[in-house]
Amino acid sequence: MLRINNVTKSFPRVFEPVLKGINLSLREGEFCTVVGANGSGKSTLLKIISGEYRADSGEVKRNGDVSQVVQDVNKGTIPAMTVLENIVLSRTKTPRFAFYWRHLNDIIDKIRSLNIGLEKFIDQPLGILSGGQRQAIATLMAVNSGGKILLLDEHTSALDPKMQKMLMEYTARSVRELRLTTLMITHNMEDALKYGDRLIMMHSGRIVVDLKGCEKSGLKISSLLEMFHKFEDQNLAAIGTENVN
Amino acid sequence: MSIDLILSGLQQGLILAIIAFGIMIPFRFLDFADLTADGAYPLGGAVCAVALSSGMSSATAIPLAMICAGIVGVCTALIYLKLRVNSMLAGIILSTMAYSVNLRIMGKPNVALFDCPGLFSASVECNILLIVMVLATCMIPFAVFLRTDFGLRFRAVGLNQNLAKLQGISIEKYTIFGLFLAGALFGLAGSLMVQIQNYMDIGIGIGILIHGLASLMIGEAIVGNATLNRQLAAPLLGALVYQQMQGIALSLGLAPSDLKFFTGSIALLVIFLKKKEKNT
């Protein structure tokens, strides 16, 4: 479970608050996709949930550890370590004086579940893999780290369409099987509609659309894009008014 | 170049390898530029010399020297972590302070150990074997440690500190541990050197950091540092090659007083070649 109560956040030298009283509650295993224009506060919200930023006011209640996948794969992995070492590192919460390759067979099974043949690179430095392959490993690391809350910040945005689809299928399957409470930021409206149980749209630091169940499943991509552009047009109009004044 | 010079170079090179290992641990595994070698190495020598001259055995004097030098490493780590002083500056400050401490420990600028029973004999071959055994006793457990859960976390601290923090790894604990280990290795090298030379001089540490650093860079230029095994082999190989290069330079007629210039030139050459290789 994840509960966010009236969270606000401002940054120095930025006139408007980035988050203006966010309220959001996700039940255990709920998969929520987050859409919104650049600067709407999506990533800031995720950073507050992960503990990287502190909220100015309000509170965040988490029922377990948080694991996350960020857009920049270098931040979430260690390219100089092997694939095995990276995955072991993400799984080992209580280290022991034992050789880390005792996890080898288990980890090979996990990598096989990605279905992209990465198991043959298990003892190779992660840095030699392509961006997409590395992001797949980063997602596998986050999903299997034992955290109950999963945060995904545009984790498929830099990938080709085939790899994007594969990784989204893997993410959705893992979230369902492990009952991870998940918040996924994406700019891909199709993915936002296709995956997850819930969709929220953020605009200027607020949640302006919150769709669940039938509301979400019945929505067409054209309607979602229409909503998105409506808020963006409002924003542009507001900027225009400010400039005139 | 005579066989005696080669063997002597091998003996010195093995001790230099211990220093290069001490430099490599914080530098490569913790991303911490530690400059305490200039202070911790003579501190180890001073403690060992005073312990031996007061009647202690080598078996007691060497661990004592290692612990004392290790504490210097811990102090560097604490200055960096608690006072937020730059790692290099913390090392320089500690090395400067250690000079006075060493003089206090010794009570005079040099201590002769000719009458004390040391670890080494007159046979260079036996001494080499003994240093190899000491080196193996230190480095094999470390190589094993790096392949455990704790070792993996230790390496993660230097490779991606933000990720390490996210994984709940204590940067402070691992930094203190790593710098203790490095300091202890400097102390070990210092205590072995004074027993080979049979005297301890307050100035033995001057420039030792550059020698160690040059060894590490030469080693990494030869075997690289892409894998753990290569990274661990680099200081040993580099120190042996570097020491033999010094031997060759001396046998070609270079004055001993010019060796420091030679050392600096070698270090600069390796840095230049590595940069050139990266750019191509």
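Analysis parameters
- Residues numbered from 1 in each chain as written.
- Chains lettered and ligands numbered in written order.
- Predicted model: local features only at pLDDT ≥ 70, side-chain atom pairs only at ≥ 80, totals over all residues.
- Heavy atoms only, no water.
- Helix = DSSP H or I, 4+ residues; strand = E, 2+ residues; numbered from the N terminus.
- Expected span 1.5 Å × (residues − 1).
- Buried < 20%, exposed > 50% of the residue type's maximum accessible area, 1.4 Å probe, protein only.
- Contact = heavy atoms within 4.5 Å.
- Polar contact = N/O pair within 3.5 Å; in protein donor to acceptor, adjacent residues only side chain to side chain.
- Buried area = accessible area lost by both parts, 1.4 Å probe.
- Salt bridge = Lys/Arg side-chain N within 4 Å of Asp/Glu carboxyl O.
- Phe/Tyr/Trp six-rings, centres within 6.5 Å; stacked < 30°, edge-to-face > 60°.
- Patch = residues over 30% accessible without salt bridge, like charges linked within 9 Å, V, L, I, M, F, W, Y side chains within 5 Å.
- Areas by Shrake-Rupley, 256 points an atom, 1.4 Å probe, with all protein chains shown as cover.
- Axes fitted to C-alpha atoms, helices over the stretch in contact; angles between N-to-C directions.
- Parallel < 35°, antiparallel > 145°, perpendicular 65-115°, else oblique.
- Left-handed = near helix turned anticlockwise from the far one by under 90°.
- Nonpolar A, V, L, I, M, F, W, Y, C, P; charged D, E, K, R; others polar.
- Disulfide = S-S within 2.5 Å.
- Pairing = 2+ DSSP bridges.

1. What about helix H4 (residues 87–106) of chain B?
Residue and element names in this part refer to chain B.
Working step 1: Between its first and last C-alpha, H4 extends 28 Å over 20 residues, near the 28 Å set by a 1.5 Å rise per residue.
Working step 2: Of the positions making up H4, those classed as buried are Ser-87, Ala-90, Gly-91, Leu-94, Ser-95, Ala-98, Asn-102 and Met-106.
Working step 3: On its buried side, H4 packs onto helix H2 (37–53), helix H3 (58–82), strand E1 (110–112) and strand E2 (199–201).
Working step 4: Looking at where H4 begins, the residue whose side-chain oxygen comes 2.8 Å from the main-chain nitrogen of Met-88 is Asn-86.
Working step 5: Once H4 finishes, Gly-107 follows within two positions and takes phi at roughly 80°, a positive value.

2. Here's the deal with the interface of chain A and chain B
Working step 1: Taken together, the contacts link 23 residues of chain A with 17 residues of chain B.
Working step 2: Here chain A meets chain B over a buried area of about 1,800 Å², counting both sides, of which 66% is carbon and sulfur.
Working step 3: Where chain A meets chain B, there are two salt bridges.
Working step 4: Close ionic contact of Glu-85 of chain A with Arg-155 of chain B constitutes a salt bridge, the shortest N to O distance being 3.1 Å.
Working step 5: Linking chain A with chain B are seven residue pairs in polar contact (both at pLDDT 80 or more), by the criterion used here.
Working step 6: At four residues, helix H3 (residues 83–91) of chain A tops the list of elements feeding residues into the side of chain A that touches chain B.

3. Looking at the packing of aromatic side chains
Working step 1: Overall, the coordinates contain 14 aromatic pairs over all chains when judged by the stated rule.
Working step 2: Consider the rings of Phe-97 of chain A and Phe-145 of chain B, whose centres lie 6.4 Å apart with planes at 45°: the pair is tilted. Here Phe-145 of chain B lies in helix H5 (residues 124–145) and Phe-97 of chain A lies in the loop between H3 and helix H4 (104–112), a pairing that spans two chains.
Working step 3: Residue classification places Phe-97 of chain A among the exposed positions, given a relative accessible area of 66%.
Working step 4: Here Phe-154 of chain B and Phe-177 of chain B contribute two aromatic rings whose centre-to-centre distance is 5.7 Å and whose plane-to-plane angle is 80°, an arrangement assigned as edge-to-face. In this pair, Phe-154 of chain B sits in helix H6 (residues 149–159) while Phe-177 of chain B sits in helix H8 (residues 171–197), placing the two residues 23 residues apart along the sequence.

4. Quick look at the pattern of salt bridges
Residue and element names in this part refer to chain A.
Working step 1: Counted according to the given criterion, the structure contains 13 salt bridges over all chains.
Working step 2: Its salt-bridge partner being Arg-179, residue Glu-28 comes within 4.0 Å of it at the nearest N-O pair. With a gap of 151 residues between them, Glu-28 in the loop between strand E2 (19–26) and strand E3 (31–36) and Arg-179 in the loop between helix H6 (161–178) and strand E7 (181–185) connect regions that are remote in the sequence.
Working step 3: We classify Glu-28 as partly exposed; its relative accessible area is 36%.
Working step 4: With a relative accessible area of 45%, Arg-179 lands in the partly exposed category.
Working step 5: Taking the shortest distance from any N to any O, the salt bridge between Arg-112 and Asp-109 comes out at 3.7 Å. Of the two residues, Arg-112 and Asp-109 are both situated in helix H4; the distance of three residues between them amounts to about one turn of the helix.
Working step 6: Residue class for Arg-112 comes out partly exposed when judged on its relative accessible area of 47%.
Working step 7: Beyond isolated ion pairs, a larger network of salt bridges with shared partners links Glu-30, Arg-198 and Asp-210.

5. Re the environment of Leu-89 of chain A
Working step 1: You can see Leu-89 of chain A is positioned in helix H3.
Working step 2: For the pair formed by Leu-89 of chain A and Asn-5 of chain A, sequence separation is 84 residues and the distance between their alpha carbons is 33 Å.
Working step 3: Ignoring anything within four residues of it in the chain, the contact list for Leu-89 of chain A reads Ile-78 and Met-81 of chain A together with Leu-152, Arg-153, Ala-156, Leu-163, Gln-167 and Ile-169 of chain B.

6. So, a nonpolar patch on the surface
Working step 1: Taken together, Phe-99 and Trp-101 of chain A together with Ile-140 and Val-144 of chain B make up a surface patch of nonpolar side chains, about 370 Å² in accessible area.
Working step 2: Relative to the assigned elements, Trp-101 of chain A resides in the loop between H3 and H4.
Working step 3: According to the relative accessible area criterion, Trp-101 of chain A is partly exposed, its value standing at 39%.

7. Considering unusual backbone geometry
Residues and elements named next belong to chain A.
Working step 1: For Asn-6, which is not a glycine, the phi torsion comes out positive at approximately 50°.
Working step 2: Counting through the fold element by element, Asn-6 comes out in strand E1 (residues 2–9).
Working step 3: Given a relative accessible area of 45%, Asn-6 falls into the partly exposed group.
Working step 4: Unlike most non-glycine residues, Glu-154 shows phi in positive territory, near 50°.
Working step 5: Within the secondary structure layout, Glu-154 lies in the loop between strand E6 (149–153) and H6.

8. Quick look at the packing of helix H1 (residues 3–29) of chain B against helix H10 (residues 228–251) of chain B
Residues and elements named next belong to chain B.
Working step 1: At a minimum axis distance of 7 Å, the contact between H1 and H10 shows a crossing angle of 140°. The orientation of H1 with respect to H10, classified from their angle, is oblique. For the pair H1 and H10, the sense of crossing is right-handed.
Working step 2: Partitioning the contact of H1 with H10 into residue classes produces 17 nonpolar, eight polar and one charged.

9. A word on the state of the cysteines
Working step 1: Scanning the entire structure with this criterion turns up zero disulfides over all chains.
Working step 2: Not part of a disulfide, Cys-126 of chain B finds its nearest cysteine sulfur in Cys-48 of chain B, a span of 19 Å.

10. Overview of the side chain of Ser-58 of chain B
Working step 1: Inspection of the secondary structure assignment puts Ser-58 of chain B in helix H3.
Working step 2: Other than its neighbours up to four places away in sequence, Ser-58 of chain B contacts Leu-52, Pro-63, Pro-117, Gly-118, Leu-119 and Gln-195 of chain B.

11. Comments concerning the pairing of E1 of chain A
Residues and elements named next belong to chain A.
Working step 1: As judged from the six bridges shared by E1 and E2, these two strands associate in the antiparallel manner. If you follow Thr-8 over to E2, its bridge partner there is Lys-20.
Working step 2: Two elements, E1 and strand E4 (residues 57–62), share five bridges in a ladder whose sense is antiparallel. Of the residues in E4, the one forming a bridge with Arg-3 is Lys-61.

12. Things to note about the packing of H2 of chain B against H3 of chain B
Residues and elements named next belong to chain B.
Working step 1: Put simply, H2 and H3 touch, their axes get as near as 8 Å, and they point 150° apart. In the packing of H2 onto H3, the handedness of the crossing is right-handed. Mapping the contact onto sequence places Ala-40, Leu-43, Gly-44, Val-47, Cys-48, Ala-51 and Leu-52 in H2 and Ser-58, Ala-61, Leu-64, Ala-65, Cys-68, Ala-69 and Val-72 in H3.

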